[in-house]
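# Structural overview
Each chain, letter by letter, is given below.
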Amino acid sequence: MDGERTLIRGGHVVTMDPALGDLPGGDVLVEGARIAAVSPHIDTGDARLIDARGHVVMPGFVDTHRHTWQTQLRAICADWTLADYFSRLRLAITPAYSADDVYVGNYVGALEALNAGITTLLDFSHCNNTPDHADAAVTGLADAGIRALHCYGFFAASADNPAFPDHQQRRADFARVVRAYASTGGLLTIGAALTEVGLIPWSDTVAEIDAARQAGARMVAHTGCIWGSTVTGGIAEMHAGGLLGPDQVHVHCNTLNDAHWRLLAQAGAKVSIAPETELNMGMGRLALGKCREFGIKPTLSCDVVSLNSGDLFTQMRLALAYQRFADNDPINQSGAMPTRLEWTARDALEWATINGADACGLAGATGSLRPGKEADIILIGGDSFALRPRHQPVGNLVFQASAHDVRTVLVAGRLMKRDGALLGVDLRAALDRAERSAEAVLARVGRTVPSPPGRGSG
Ligand SMILES: [Zn+2]
């Protein structure tokens, strides 16, 4: 692929770059792994041609928080509360996962993301029952070919695990993974997924953050998502300990007060909002308004396909609808109608692209179409009801499109999906393997897991 030239010709190019803007009929030239030019017309004699007429051409989406290993537990949590999810999935199912199950979850989940135009995934990987599980998680992502910030989780689902007799052993294994994979370059970056503050002794939380900082690894944490509990709190304590920073993605943040928000903003911390999970599991108001109030750029995440969808179209749509409802409801309740909308479809597209890349520390590589960046590019449309006609293409993307409308996907210049089909993937075999893995996992936990109490089977 070195130096190979690909010309994506004649699409409606939404660059998400403030200087380049949108090109209603534009060309994007890819050389090797990088974008060489974005222009209304590019002349090249020898480039491989991708005809983008009738398509929107845009940067690949960035999902800033997904527990990819849960892919084969699809929709198992459909009617679960967050407490059901924690006790049944995090505590009961996690120990039943083999390393191969983690591989299958990450491989199939990364393919699902690519199929939906997500070219960068923050993989929050907290099913590390053994060091082999950690390796399998990385290998699953690498085999799928997605760009990833793979965040190694320190979480211990059971207290007596011979593979990790104590917390220090988990930190040592994290350091091993950093050594093993950080220098391989390419699409994979190793980060750290912190255990929820309050689930472990504070000294272990401090040690997790120290381990991440020593490795130069970005961090992700579930923050402020359990009402009436100190678990997932700790923002003031982290500030007091000098532990907050711009190298952290704080996920959810529904319960934080304004003092907490001020500390996050001062620290330059990033925020990930998982609209579908938060709204369905009772976590509360989405933090979009707080992000705007305190000058933090919001990002979006799918979180768990064990509950909800694995694409960012759904998340953009839910987030925007929620925020417009939250703004307009007080006006309605006063007996009036809103006279304008404060949030736009393009805002939502920023959450799902450039803001996400920035949160992952990858804004220099991805998140927008600009010469010099890596060629993470998607084409959406073709013969699609959702994209034709297009009076306001960003509106079509945010309010109409779905994963099915993503026709072509490139990651670092490599074609991953073409004309609606993933390339080099035996999808039936992958899905068969996911089903067999799920059967085996649930058999190990005695199939008692899926039903919340008193609601029958299902
Ligand atoms: Zn999560």
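Our subject is the structure that appears above.
The structure displayed is predicted, hence computed values, not measured ones.

## Looking at the overall build of the protein chain
Broken down by element type, the protein chain carries 14 helices and 17 strands. Rg of the C-alpha trace for the protein chain: 22 Å, near the compact-globule value of 23 Å for 458 residues, within the 12% margin. A principal-axis box enclosing the C-alpha atoms of the protein chain has dimensions of 65 × 55 × 50 Å. Burial statistics for the protein chain: of 458 residues in total, 57% are counted as buried.

## A look at the packing of helix α2 (residues 99–115) against helix α14 (residues 427–444)
When two helices pack together, their arrangement is given by the angle between the helix axes and by the axis-to-axis distance. In contact at an axis separation of 10 Å, α2 and α14 are set at 140 degrees when each is read in the N-to-C sense. Looking at the two axes, α2 sits oblique to α14. For the crossing formed where α2 meets α14, the hand is left-handed. Facing α2, whose interface residues are Asp100, Asp101, Tyr103, Val104, Tyr107 and Val108, α14 presents Ala430, Leu431, Arg433, Ala434, Ser437, Val441 and Arg444. Looking at side-chain class alone, the contact of α2 with α14 contains eight nonpolar, one polar and four charged residues.

## Some words on the nonpolar core
By size, the foremost hydrophobic cluster in this structure holds 89 residues, and its most contacted members are Phe61, Trp261, Leu264 and Leu349. It is α2 that contributes the most residues to this core, nine residues altogether. Apart from the residues within four sequence positions on either side, Phe61 is in contact with Ala116, Gly117, Ile118, Thr119, Thr120, Leu312, Phe313, Met316, Leu349, Ala352, Thr353 and Ile378. Among the nonpolar cores identified, the runner-up in size contains 21 residues, and Ile93, Cys127, Met283 and Val304 belong to it.

## Some remarks on the side chain of His67
Tracing the backbone shows His67 in the loop between β6 (61–66) and α1 (82–93). Of the polar contacts made by the side chain of His67, one reaches the side chain of His222; its length is 3.2 Å. The contacts of His67, once residues within four sequence positions are left out, are Tyr85, Phe124, His126, His222, Asp303 and Val304.

## Observations concerning the sheet that holds strand β13 (residues 298–300)
Read across the sheet, eight strands follow the order β6-β7-β8-β9-β10-β11-β12-β13 without closing on themselves; strand pairing throughout is parallel. In this open sheet, the two strands that pair with only one neighbour each are β6 and β13. Shown here is a sheet whose adjacent strand axes are inclined to one another by a mean of 25 degrees, direction ignored. Sheet topology note: the strand β11 (residues 248–252)/strand β12 (residues 270–273) ladder contains three bridges and is parallel. Its bridge partner being in β12, Val251 is matched across the sheet by Ser272. Most of the contacts of helix α3 (residues 131–144) go to strand β8 (residues 147–153), to which it runs at about 170 degrees, and overall it touches β7 (118–125), β8 and β9 (188–193).

## As for the pattern of salt bridges
Under the defined criterion, the tally for this structure stands at 26 salt bridges. Arg370 serves as the salt-bridge partner of Asp17, at 3.7 Å between the closest nitrogen and oxygen. Here Arg370 lies in the loop between α12 (354–359) and β14 (377–381) and Asp17 lies in the loop between β1 (5–14) and β2 (22–31), a separation of 353 residues in the sequence. Its salt-bridge partner being Arg418, residue Asp419 comes within 3.5 Å of it at the nearest N-O pair. The structure contains a network of salt bridges with shared partners spanning Arg34, Arg147, Glu374 and Asp376.

## A look at the coordination of the zinc ion
Distances from the zinc ion to its protein donors, His65 (NE2), His67 (NE2), His222 (NE2) and Asp303 (OD), fall within 2.0 to 2.7 Å. Its four donor atoms give the zinc ion angles of 79 to 172 degrees at the centre, a pattern that matches the irregular case. Read N to C, the donor residues that coordinate the zinc ion are spaced as H-x1-H-x154-H-x80-D. Pair noted here: His65 is in strand β6 and His222 is in strand β10 (residues 219–223), with a separation of 157 residues, a long-range link. The burial state of His65 is the same as that of His222; both residues are buried.

## Some details on helix α4 (residues 167–181)
Across its 15 residues, α4 extends 21 Å between first and last C-alpha, which sits within 8% of the 21 Å expected from 1.5 Å per residue. Turning to α4, its buried residues are His167, Arg170, Arg171, Asp173, Phe174, Val177, Val178 and Tyr181. The arc that holds every buried residue of α4, seen down its axis, measures 160 degrees, which confines them to one face. Close packing links the buried residues of α4 with α3, β8, β9 and α5 (202–214). At the N-terminal boundary of α4, the capping side chain belongs to Asp166, with an oxygen 3.1 Å from the backbone nitrogen of Gln168.

How each quantity is defined
Residues numbered from 1 in each chain as written. Predicted model: local features only at pLDDT ≥ 70, side-chain atom pairs only at ≥ 80, totals over all residues. Heavy atoms only, no water. Helix = DSSP H or I, 4+ residues; strand = E, 2+ residues; numbered from the N terminus. Rg over C-alpha atoms; globule rule 2.2 N^0.38 Å. Buried < 20%, exposed > 50% of the residue type's maximum accessible area, 1.4 Å probe, protein only. Axes fitted to C-alpha atoms, helices over the stretch in contact; angles between N-to-C directions. Parallel < 35°, antiparallel > 145°, perpendicular 65-115°, else oblique. Left-handed = near helix turned anticlockwise from the far one by under 90°. Contact = heavy atoms within 4.5 Å. Nonpolar A, V, L, I, M, F, W, Y, C, P; charged D, E, K, R; others polar. Core = buried A, V, L, I, M, F, W, Y, C linked by side-chain atoms within 4.5 Å. Polar contact = N/O pair within 3.5 Å; in protein donor to acceptor, adjacent residues only side chain to side chain. Pairing = 2+ DSSP bridges. Salt bridge = Lys/Arg side-chain N within 4 Å of Asp/Glu carboxyl O. Donors = N, O, S within 2.8 Å, 3.2 Å for Na, K, Ca; no water. Tetrahedral: all angles 85-135°; square planar, octahedral: opposite > 155°, others 65-115°. Expected span 1.5 Å × (residues − 1). Arc of directions from axis to C-beta.

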